[in-house]
Amino acid sequence: VVTLDQHLYQILPGAISDYARTHGLKIAVSEGTCGITSGKLVRKTADIGGFCCPPGRTDRLPGLRFHTLGILPLEIHVHPDNPIDNISLQQAREIFQGRIYRWSEINDSQGQPGPDQIIQTIGRLHCKIRPGHWRLLLDNEDLFGPRLQEVGTIPDMISLVANAPDAIGYEVRMMAERYRYEGRVKPLMIDGLAPDRANLLAGRYPLYRTLNLTTWEGENVANPEADRLVEYLLEVGGKLGERFDLVSATDLRKTGWQFRGNELIGGPRQ
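Starting afresh in each chain, residues are numbered from 1 along the sequence in its written order. Local features are withheld for residues below a pLDDT of 70 in this predicted model, meaning they are given only at 70 or higher, and side-chain atom pairs are given and counted only at 80 or more; totals for whole chains, interfaces and linings count all residues. Based on all heavy atoms of the structure, the side-chain values leave hydrogens and waters out of the count.

Engineer: Any chance you could break down the overall build of the protein for me, citing the residues and the numbers?
Structural biologist: Helix and strand definitions follow DSSP, with helices as H or I runs of at least four residues and strands as E runs of at least two, each counted in order from the N terminus. Looking only at helices and strands, the protein has ten helices and 15 strands in total. We take the radius of gyration over the C-alpha atoms and set the globule estimate at 2.2 Å times the residue count to the 0.38 power. Relative to the globule expectation of 18 Å for 270 residues, the C-alpha radius of gyration of the protein, 19 Å, shows essentially globular dimensions. Taking the principal axes of the C-alpha coordinates as reference, the protein spans close to 60 × 35 × 35 Å. Taken across its 270 residues, the protein has 51% of its residues classed as buried. Burial classes: relative accessible area under 20% of the type maximum marks a residue as buried, over 50% as exposed, and values in between as partly exposed (1.4 Å probe, protein chains only).

Have a look at this one:
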């Protein structure tokens, strides 16, 4: 039994189906969220869990091991008609804090101020107990400004940014494409850097999601078939990179990112 958060569910079901067919296994795969995955692991009803965030303290159950598949660039999105193409990381933080609250406070690539509109910040503050993801932008929800419009789902995030010329939000490209029927969004560069795999791998682009899979160790919970499946998925992660913008754990290791066992725990050593 495999339960995957909605990001991993876009990436892995095909590879899991191929593995099941080749090895004559029946593998049940369900889509959920990090919270749903955590609940199933607590109840011991899943052999493998998938998260889009590093584990929080309450996720680290006895015998549960985390294995990083890779990381995805987290894009800052605006409406396609917004003339702004690039902001600094500090500006992004001040926008979401409410310290910068008009687009006219930011210049476009021609040095001209943006539209004289109040910025509508959109936030999906999921997985508050887990590090990483939006916490790389602002470390906790109390740092976001009072104008923040919080949404509960990714489609709502894409829809609001795509349909409001003054809005700004965030999500990975893969999910923006999945929900493109909600409207188109435009990714911004941060400090002149595109949110692509090369900049992320080199540790230059600062925002990303960490995709983790779990296995069990110990009497009555360990499943050798699950261990072999996760080992296989870690191997094929590199082949999925270009299609999904995934920077695989294999490539991260080669570039000096920090691991404990199979789990990513830090950026590249300087």
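On we go from here.
Engineer: Talk me through unusual backbone geometry; I want residue IDs and the actual numbers.
Structural biologist: Leave glycine aside and you will find that most residues have negative phi; peptide bonds, for their part, are mostly trans. The backbone of H133 shows a phi angle near 45°, a positive value even though the residue is not glycine. With respect to the helices and strands, the residue H133 is situated in the loop between β7 (120-123) and β8 (149-150). Judged by relative accessible area, which is 1%, H133 ranks as buried.

Engineer: Could you give me a rundown of the sheet that holds β7, with the residues and numbers involved?
Structural biologist: Pairing between strands requires that DSSP locate at least two bridges from one strand to the other. Ordered in space as β8-β7-β9-β5-β10, the five strands form an open sheet in which the pairing is mixed. Both edges of this open sheet fall to β8 and β10 (186-187), since each of them pairs with a single strand only. Where β7 lies against strand β9 (residues 167-171), two bridges are found, and the strand directions are parallel. When the sheet's bridge partners are listed, Q120 is paired in β9 with A167. By definition, residues are in contact when any of their heavy atoms lie within 4.5 Å. In this analysis, axes come from line fits to C-alpha atoms, helices being fitted only over the stretch in contact, and the angle between any two N-to-C directions falls in the range 0 to 180 degrees. Of the strands in this sheet, β5 (75-78), β7 and β9 touch helix α4 (residues 89-97), which is tilted by about 115° from β9. Most of the contacts of helix α5 (residues 154-162) go to β9, to which it runs at about 145°, and overall it touches β5, β7, β8 and β9.

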